[in-house]
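Reading the structure
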Amino acid sequence: MQDAVLAMLAKEPSHGYDLRTRLRESLGPLGESMNPGQIYVTLARLEKAGLVVCEPAAGLPERPERKVYALTPAGQQRVTAWLAEVGWPKPDLAEFHLKLVAADATRLADPVELVAAQRRELLRRLREVQQAALAEPAGSGAGLLLEGVVLRLQADLRWLDACERAWSKVDHEVEGG
């Protein structure tokens, strides 16, 4: 969640409420379960870590409690590192989706390239697991576990194919529009 919030701030400084709204919209129905206070707890942690700064909102004297959050240089570096990171063995689908949304919104990375990098890593892992499975004796319990890992990797690869199709379509709509 912290990295997604930082990435949203990479596009532009924002109020906590606006960040929460953008995250909920990005996650669709999955965002409905987001605790309203979670964004503010996350922002406080990021501020304490020196990744964001908080300033009173300019031009709102009637709402002095309203604050705008912006990235620090350290926060910007963390966003860049997060966008380049390839997650496995258990990629979080919602986090990866938010990474694609943030990459597109901030133009700090190409969502299609992020999908390709993730695919390369999953294919590498798939080859490793398949080789390990072939080395296992027939009927072994470890062989069954390895088969489960292969099936999970194959499912993740199919999902990445769907992500690539969707984000390639978005890129073409932006270029053509």
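Before reading on, note that the structure itself is shown above.
Okay, so let's go over this structure.

About the cut-offs
- Residues numbered from 1 in each chain as written.
- Predicted model: local features only at pLDDT ≥ 70, side-chain atom pairs only at ≥ 80, totals over all residues.
- Heavy atoms only, no water.
- Helix = DSSP H or I, 4+ residues; strand = E, 2+ residues; numbered from the N terminus.
- Expected span 1.5 Å × (residues − 1).
- Buried < 20%, exposed > 50% of the residue type's maximum accessible area, 1.4 Å probe, protein only.
- Polar contact = N/O pair within 3.5 Å; in protein donor to acceptor, adjacent residues only side chain to side chain.
- Core = buried A, V, L, I, M, F, W, Y, C linked by side-chain atoms within 4.5 Å.
- Contact = heavy atoms within 4.5 Å.
- Axes fitted to C-alpha atoms, helices over the stretch in contact; angles between N-to-C directions.
- Nonpolar A, V, L, I, M, F, W, Y, C, P; charged D, E, K, R; others polar.
- Phe/Tyr/Trp six-rings, centres within 6.5 Å; stacked < 30°, edge-to-face > 60°.
- Lys NZ or Arg CZ within 6 Å of the ring centre and 35° of its normal.
- Salt bridge = Lys/Arg side-chain N within 4 Å of Asp/Glu carboxyl O.

Moving on, we come to helix H6 (residues 111–135). With 25 residues, H6 should cover 36 Å at 1.5 Å per step; its first-to-last C-alpha distance of 36 Å lies within 8% of that length. Within H6, burial applies to Pro111, Val112, Leu114, Val115, Ala116, Ala117, Gln118, Arg119, Glu121, Leu122, Leu126 and Val129. One side-chain oxygen at the N-terminal end of H6 lies 3.1 Å from the backbone nitrogen of Val112; it belongs to Asp110.

So, about the environment of Val41. Its place among the elements puts Val41 in helix H3 (residues 38–48). Taking the C-alpha atoms as reference, Val41 lies 10.0 Å from Gly16; in sequence the two are 25 residues apart.

Let us now look at helix H5 (residues 93–106). Spanning 14 residues, H5 covers 20 Å between terminal C-alpha atoms, matching the ideal 20 Å at 1.5 Å per step. Where H5 terminates, the next one or two residues include Arg107, which has phi positive at roughly 60°.

The subject of this paragraph is the nonpolar core. The biggest cluster of nonpolar side chains holds 39 residues, and the ones touching the most others in it are Val5, Leu9 and Leu23. Top element by residues in this core is helix H7 (residues 141–176). It accounts for seven residues. In this view, Leu23 contacts Met1, Ala4, Val5, Met8, Met34, Ile39 and Leu98; residues no more than four positions away in its chain are not counted.

What follows covers the packing of H5 against H6. At a minimum axis distance of 8 Å, the contact between H5 and H6 shows a crossing angle of 145°. For the pair formed by H5 and H6, the contact residues are Phe96, Lys99, Leu100, Ala103 and Asp104 on the first element and Pro111, Leu114, Val115 and Gln118 on the second. Across the contact of H5 with H6, the residue classes break down as six nonpolar, one polar and two charged.

To continue, consider the packing of aromatic side chains. Applying the stated criterion across every chain, the model contains one aromatic pair. One residue, Lys99, lies across the ring of Trp82, its end atom 5.3 Å from the ring centre.

Following the criterion strictly, the structure yields eight salt bridges and no others. Of the charged contacts in the structure, one is a salt bridge between Arg78 and Asp3, with a shortest N-O distance of 2.8 Å. Taken together, the residues span a long stretch of sequence, with Arg78 in helix H4 (residues 73–84) and Asp3 in helix H1 (residues 2–11) at a distance of 75 residues. Residue Asp3 is classed as buried on the basis of its relative accessible area, which comes to 18%.

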